[in-house]
Each structure stands twice: as C-alpha cells, then as structure tokens.
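Chain and residue survey
One-letter residues, chain by chain:
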Amino acid sequence: MSSTRYIIVTLLKVLVVIALVIILFVAGTMIGYGVIGGGNPKDVFKEEIWTHILDFFK
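Just so you know, the residues in each chain are numbered from 1, in the order the chain's sequence is written. Reporting in this predicted model follows two pLDDT cut-offs: at least 70 for local features of residues, and 80 or more for side-chain atom pairs to be given and counted; totals over whole chains, interfaces and linings ignore these cut-offs and use all residues. Derived side-chain values reflect all non-hydrogen atoms in the structure, with water molecules and hydrogen atoms excluded from consideration.

**With respect to the overall build of the protein**
Cut-off, in case you're wondering: Strands are runs of DSSP state E lasting at least two residues, helices are runs of H or I lasting at least four, and both sets are numbered from the N terminus onward. Here the globule rule is a power law, 2.2 Å times the number of residues to the power 0.38, and the radius of gyration is based on C-alpha atoms. Residue exposure (1.4 Å probe, protein chains only): buried if accessible area is under 20% of the type maximum, exposed if over 50%, otherwise partly exposed.
Scanning the protein from terminus to terminus reveals 2 helices and 0 strands. The C-alpha atoms of the protein give a radius of gyration of 17 Å, which is well past the 10 Å a tight globule of 58 residues would have. If one aligns the C-alpha atoms of the protein with their principal axes, the spans along those axes are about 50 × 25 × 15 Å. Per-residue burial for the protein yields a buried fraction of 9% across its 58 residues.

**Topic: the UniProt feature "transmembrane region" (unreviewed entry) in the protein**
Quick note on the threshold: UniProt positions are given in the numbering used here, feature names are shortened, and annotations may be inferred rather than shown by experiment.
The UniProt entry lists residues 6-36 under the feature "transmembrane region" (unreviewed entry), expressed in the numbering used here. Taken end to end, residues 6-36 is 100% helix and 0% strand, and its first and last C-alpha atoms sit 43 Å apart.

**Examining the pattern of salt bridges**
Using the following cut-off: Definition used for salt bridges: Asp or Glu carboxyl oxygen within 4 Å of a side-chain nitrogen of Lys or Arg.
In the structure shown here, the tally under the stated rule is 1 salt bridge. Close ionic contact of K46 with D43 constitutes a salt bridge, the shortest N to O distance being 3.3 Å. The exposure class assigned to K46 is partly exposed, which follows from its relative accessible area of 41%.

**Examining a nonpolar patch on the surface**
Our working rule: The patch calculation keeps residues exceeding 30% relative accessible area without a salt bridge and links them within 9 Å when they carry like charges or within 5 Å when they are nonpolar (Val, Leu, Ile, Met, Phe, Trp, Tyr). Values of accessible area rely on a 1.4 Å probe in the Shrake-Rupley scheme; residue burial ignores everything except the protein chains shown.
A cluster of nonpolar side chains, namely I8, L12, V14, L15, I18 and I22, defines an oily patch on the protein surface of about 560 Å² accessible area. As for its placement among the helices and strands, L15 is situated in helix α1 (residues 3-36). With relative accessibility at 54%, the residue L15 sits in the exposed group.

Right under this line is the structure:
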C-alpha cells in the first residue's frame, strides 16, 4: 500500500469516527431529553435548552 493511500484511508477512518460521535451525541441527547426527561425530543435543538444546560456549568 502506498503512503498516500494509507493517509487517505486513515483520514477517512477518522472522519467516520467523528461523524459517528456526532450522530450518537445527537441521538443520545434526544433520547435523554425526550424519554428520560419527559420533554419533546426535538426541543434539544432549541437554543434556550442549551443556554439553560450551560448555565449549570457557570
């Protein structure tokens, strides 16, 4: 395997892992907020929800 092909394959693997992390994070927050929290799962995308969550860390 040439070094250029090795670099491309490695970068693609990293991008797939990053995409999976983002997808699982969104799915997890929707399940957590919607099922466990009793809210509407689509409310996870509202700015007010994230402002409220981030206020806990200030």
